[in-house]
Amino acid sequence: MTEPVVTEVPRGGSDTDVAGLGRWRASAFVAPALLLIAAFLVFPALWLLWIGLTNLTVSGRTSVHVSFVGLDNYAKALTDPLFGNSVWITLLFVFGSAIIGQNCLGFTLAWSMRTAARWVRAVVESLVLLAWILPASVVAVLWIAMLDRDEGSANRLLDTPGYAWMIQQPLVVIVVFNIWRGTAFSMLLYSAALSTVPPSHLETARLAGASGPQIARDVLFPHLRGHVLTNTLLISLWTFNDFTPYLLTRGEPNHRSETVPIFLYRQGIDDGALGYGAAASVLMLLINLVLALFYLRLLRRRTR
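All values reported here derive from a predicted model rather than from experimental measurement. (Residues numbered from 1 in each chain as written. Predicted model: local features only at pLDDT ≥ 70, side-chain atom pairs only at ≥ 80, totals over all residues. Heavy atoms only, no water.)

1. Describing the nonpolar core
Then, number 1: Formed by 35 residues in total, the largest nonpolar core has its most connected members in Phe-83 and Leu-220.
Then, number 2: At seven residues, the largest contribution of residues to this core is made by helix 8 (residues 170-194).
Then, number 3: Leave out the neighbours within four places in its chain, and Leu-220 touches Phe-107, Trp-111, Leu-194, Val-197, Leu-202 and Ile-215.
Then, number 4: Core analysis: the next-biggest nonpolar cluster, separate from the first, contains 13 residues, Ala-140, Trp-143, Met-166 and Phe-177 among them. (Core = buried A, V, L, I, M, F, W, Y, C linked by side-chain atoms within 4.5 Å. Buried < 20%, exposed > 50% of the residue type's maximum accessible area, 1.4 Å probe, protein only. Helix = DSSP H or I, 4+ residues; strand = E, 2+ residues; numbered from the N terminus. Contact = heavy atoms within 4.5 Å.)

Shown next as structure tokens:
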């Protein structure tokens with residue numbers, strides 16, 4: 001009986017890659033992408049970190065004669081009540097509109113459309129997608145007109161003449177607006193995820209007398225847990241960094257709808273405090289990183 005021939009794979013050398021291009025040729029193919037990443041991601045990030053350590057402003061003496069201030073901008077941001085308020089408003093905005101609103105409404109629509117007539121499904125999906133793909137400026141104008149205190153359709157339908165929604169309930173307005181505008185992504189993701197659930201499992205649960213909540217808990221959620229976490233991670237990060245509420249309320253009145261992106265815009269652009277705005281931006285990035293790591297940890301637990 002002949003022994004099998006074992007071919008040794010070289011551990012070093014220039015032709016150890018699968019394609020056989022060699023280390024230098026492979027590097028040449030990757031180099032353009034690395035240059036783009038360095039130019040549009042790494043360099044701006046490093047520049048932002050540097051600006052956050054200075055007193056750079058848009059105009060005035062410190063726009064030319066920039067001084068190194070170390071961590072003073074970070075200390076100022078951490079003790080600034082307006083920055084703390086913007087973080088709290090943003091967390092409420094993310095929790096209400098993304099984690100609860102878009103998740104629940106997106107899943108409800110996806111589940112309802114499974115058994116709906118084809119024309120009903122087409123109409124609902126078209127309307128939901130239309131709210132998602134319309135430009136933010138167009139949607140903002142429509143909502144401002146709808147919530148107008150004198151001629152708005154919302155006051156006419158609710159019989160609340162003269163009620164200024166964007167002044168008296170600014171946070172509620174931007175939460176509902178974001179739910180209405182962003183539910184399409186959750187609906188599409190859950191529609192694709194529900195198609196992977198075996199129909200026999202659902203039918204067995206129904207025959208066993210399980211109620212709707214029991215089916216969702218014992219049959220659907222074990223199949224959809226990874227999709228729920230992935231969807232929640234994406235929509236949470238998108239909502240946290242969303243600047244669209246500025247088009248509706250501009251963070252007013254009295255900073256009651258001022259999310260972190262609006263706060264950064266006001267500090268860096270309106271007030272011209274680029275150094276302070278850059279430091280607050282780094283803190284915002286760290287908050288995003290904490291949220292992402294939290295969801296990724298939950299995803300890893302699922303795979304174990």
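Once the structure has been displayed, the description carries forward.
2. Considering the confidence of the model for the protein chain
Then, number 1: Here the protein chain averages 85 in pLDDT, while 92% of its residues score no lower than 70.
Then, number 2: For the protein chain, helix 9 (residues 199-207) is the element with the lowest average pLDDT, namely 78, and helix 3 (residues 81-113) is the one with the highest, namely 93. (pLDDT = per-residue confidence, 0-100.)

3. Remarks on the side chain of Glu-258
Then, number 1: Among the secondary structure elements, Glu-258 is positioned in the loop between helix 11 (245-248) and helix 12 (260-270).
Then, number 2: Overall, the relative accessible area of 1% leaves Glu-258 in the buried class.
Then, number 3: Here the side chain of Glu-258 touches His-255 through a polar contact of 3.2 Å, side chain to side chain.
Then, number 4: The contacts of Glu-258, once residues within four sequence positions are left out, are Leu-82, Ser-86, Ile-89, Gly-251, Phe-263 and Arg-266. (Polar contact = N/O pair within 3.5 Å; in protein donor to acceptor, adjacent residues only side chain to side chain.)

4. Section: the pattern of salt bridges
Working definition: two side chains of opposite charge can pair if their charged atoms are close together.
Then, number 1: The final tally for this structure, using the stated rule, is three salt bridges.
Then, number 2: Across the salt bridge formed by Glu-252 and Arg-266, the nearest N and O atoms sit 2.7 Å from each other. Taken together, the residues Glu-252 in the loop between helix 11 and helix 12 and Arg-266 in helix 12 connect sequence positions 14 residues apart.
Then, number 3: The class of Glu-252 is partly exposed, set by a relative accessible area of 32%.
Then, number 4: Classification of Arg-266 as buried rests on a relative accessible area of 14%.
Then, number 5: A cluster of three or more residues bridged by salt bridges with shared partners is formed by Glu-252, Glu-258 and Arg-266. (Salt bridge = Lys/Arg side-chain N within 4 Å of Asp/Glu carboxyl O.)

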